[in-house]
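Coordinate analysis (summary)
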Amino acid sequence: MLVLVEHVDGDVKKVTLELLTLARSLGEPAAVWAGPGYSEIAKGRLAEFGAERVYVADSADIVDYVVAPKAELLASLVASRSPAAVLVASTAEGKEVAGRLAVKTGSGVITDAVGLGEGFIADQSIFGGGVNVHSRVSKGTPIIAVRPNSTAPVPAPGAAVEEKVDVALTDAARAAKIVERVKQEKGARPELTEAAIVVSGGRGVGSGENFAIIEKLADSLGAAVGASRAATDAGWYPHAFQVGQTGKTVSPQLYIAAGISGAIQHRAGMQTSKTIVVINKDPEAPIFAIADFGIVGDLNQVVPQLTEEIAKRE
């Protein structure tokens, strides 16, 4: 099974370790490294989570052009190696790679999978989270984009036998060239879509200044901060941190929703979280319907108390 490696500056991203873990349960994982930056450290990381083989295409051309080169690289490997399936991260870029690869190989594609079982039957949450379905690709090589944080990464040693591969890019793949990269300064908090714990605030927070208590709770847990659409539309928190159908989709091990009513738009972006804790003063708030644990109370009192209790355990 081919797994497209997500990496930044040579560091393997957590979602890749999740994909390797998932692939290992269904076959023999083979990692595909696209672009420069491959090293012994990266090889060791991939081996740690079960990669039996690593196909390395370290040409700068692959990352100098937008998306298409990765699809051509994978298409070449599908043709020459005949994998049982191809797994990619269900990110904006990953889904575009999956779609392009499906066209090139005449295969079916599934996006936003949150689970994968025998026969490559994928679990999906669709229609704004209103329906859970099982899907299976019926034509060609299954191409499946898996939502980050839907699988817990579990180490299991693999051989990680390295094999250099080359791909001759077509003119079509060179149609859109990247002319500049601007590095975004990374804060101390984990990336929202990859975080194992997310603390989100909604309309009930009351103001942008009050988001400080959400941030303090998140920092005490080593979590990312999210926000509902109501909070971002009000200008209380940047839109980049919006969780929901029109924002980002998260699936952490723990999701804490403070002052969020639970409109379907928000639930669609977080309801696959493993454990959901809700803090809301309205006992009839719809979000309680999907909560594993609920606290009926004023978040301005509950959240600081929760933060203090966590601090006592450090």
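As a reminder, the structure under discussion sits directly above these lines.
Cut-offs used in this document
- Residues numbered from 1 in each chain as written.
- Predicted model: local features only at pLDDT ≥ 70, side-chain atom pairs only at ≥ 80, totals over all residues.
- Heavy atoms only, no water.
- Pairing = 2+ DSSP bridges.
- Helix = DSSP H or I, 4+ residues; strand = E, 2+ residues; numbered from the N terminus.
- Axes fitted to C-alpha atoms, helices over the stretch in contact; angles between N-to-C directions.
- Parallel < 35°, antiparallel > 145°, perpendicular 65-115°, else oblique.
- Left-handed = near helix turned anticlockwise from the far one by under 90°.
- Contact = heavy atoms within 4.5 Å.
- Nonpolar A, V, L, I, M, F, W, Y, C, P; charged D, E, K, R; others polar.
- Buried < 20%, exposed > 50% of the residue type's maximum accessible area, 1.4 Å probe, protein only.
- Right-handed = clockwise from strand over helix to strand, strands pointing away.
- Core = buried A, V, L, I, M, F, W, Y, C linked by side-chain atoms within 4.5 Å.
- Salt bridge = Lys/Arg side-chain N within 4 Å of Asp/Glu carboxyl O.
- Phe/Tyr/Trp six-rings, centres within 6.5 Å; stacked < 30°, edge-to-face > 60°.
- Lys NZ or Arg CZ within 6 Å of the ring centre and 35° of its normal.

1. As for the sheet that holds strand 1 (residues 2-4)
Sheet architecture is open: nine strands sit in the order 9-8-7-10-6-1-4-5-11, paired in mixed fashion. Two strands lie at the open edges of the sheet, namely strand 9 (131-135) and strand 11 (161-164), each paired on one side alone. Taken over all neighbouring pairs, the strand axes of this sheet differ in orientation by 35° on average, direction set aside. Inspection of the sheet shows strand 8 (residues 121-126) paired to strand 9 by five bridges, in the antiparallel sense. Residue pairing for strand 9: Ala122 is matched across the bridge by Ser135.

2. Quick notes on the packing of helix 4 (residues 68-81) against helix 5 (residues 92-105)
Close contact between helix 4 and helix 5 brings their axes to 9 Å; oriented N to C, the two are set at 45°. In terms of their interaxial angle, helix 4 and helix 5 are classed as oblique. In terms of crossing hand, the pair formed by helix 4 and helix 5 is right-handed. On helix 5, the residues touching Ala68, Lys70, Ala71, Glu72, Leu74, Ala75 and Val78 of helix 4 are Glu93, Val97, Arg100, Leu101, Lys104 and Thr105. Split into classes, the residues belonging to the contact of helix 4 with helix 5 amount to seven nonpolar, one polar and five charged.

3. Here we look at the pairing of strand 12 (residues 197-201)
The element strand 12 is largely enclosed, with a buried count of five among its five residues. Both faces of strand 12 are covered, namely the face carrying Ile197, Val199 and Gly201 and the face carrying Val198 and Ser200. By the bridge criterion, four bridges tie strand 12 to strand 13 (residues 224-227) in an arrangement that is parallel. Residue pairing in the sheet places Val198 in a bridge with Ala224 of strand 13. Handedness of the crossover is the feature at issue here: the chain leaves strand 12, passes through helix 6 (residues 211-221), returns alongside strand 13, and the resulting connection is right-handed.

4. Some words on the nonpolar core
Membership of the largest hydrophobic core comes to 32 residues, with the highest contact counts inside it found for Trp33, Leu46, Val54, Leu87 and Ile144. Secondary-structure elements contributing two or more residues to this core are helix 1 (14-24), strand 4 (30-34), helix 2 (40-48), strand 5 (53-57), strand 6 (86-89), strand 7 (109-117) and strand 10 (143-146). Per-element accounting of this core gives the leading share, six residues, to helix 1. Beyond its immediate stretch of four places on either side in the chain, Trp33 contacts Val5, His7, Gly10, Val12, Tyr38, Ala42, Leu46, Tyr55, Val56, Ala57 and Leu73. If you look at the next biggest cluster of nonpolar residues, it comprises 23 residues, including Leu4, Val32, Leu73 and Ile143.

5. Some words on the pattern of salt bridges
Inspection of the entire model under this criterion finds 16 salt bridges. A salt bridge links Glu163 to Arg81, with the shortest nitrogen-to-oxygen separation between them at 2.3 Å. Within this pair, whereas Glu163 is found in strand 11, its partner Arg81 is found in helix 4, the two being separated by 82 residues in sequence. Judged by relative accessible area, Arg81 falls into the partly exposed class, the value being 31%.

6. Quick notes on the packing of aromatic side chains
How two aromatic rings sit relative to each other is set out by the distance from centre to centre and by the angle between their planes. Counted according to the given criterion, the structure contains three aromatic pairs. A centroid spacing of 5.3 Å and a plane angle of 70° characterise the contact between Trp33 and Tyr38, whose relative ring orientation is edge-to-face. We classify Trp33 as buried; its relative accessible area is 0%. Taking the relative accessible area as the measure of exposure, Tyr38 reaches 17% and is therefore buried. When the centroid spacing of 4.7 Å and the interplanar angle of 25° are considered together, the rings of Phe211 and Tyr237 count as stacked. Of this pair, Phe211 sits in helix 6 while Tyr237 sits in the loop between helix 7 (229-233) and strand 14 (254-258); the two residues are 26 residues apart in sequence, bridging distant segments of the chain. A relative accessible area of 1% places Phe211 in the buried class. In this structure, Lys177 is placed above the aromatic ring of Tyr65, and the distance from its NZ or CZ to the ring centre is 4.8 Å.

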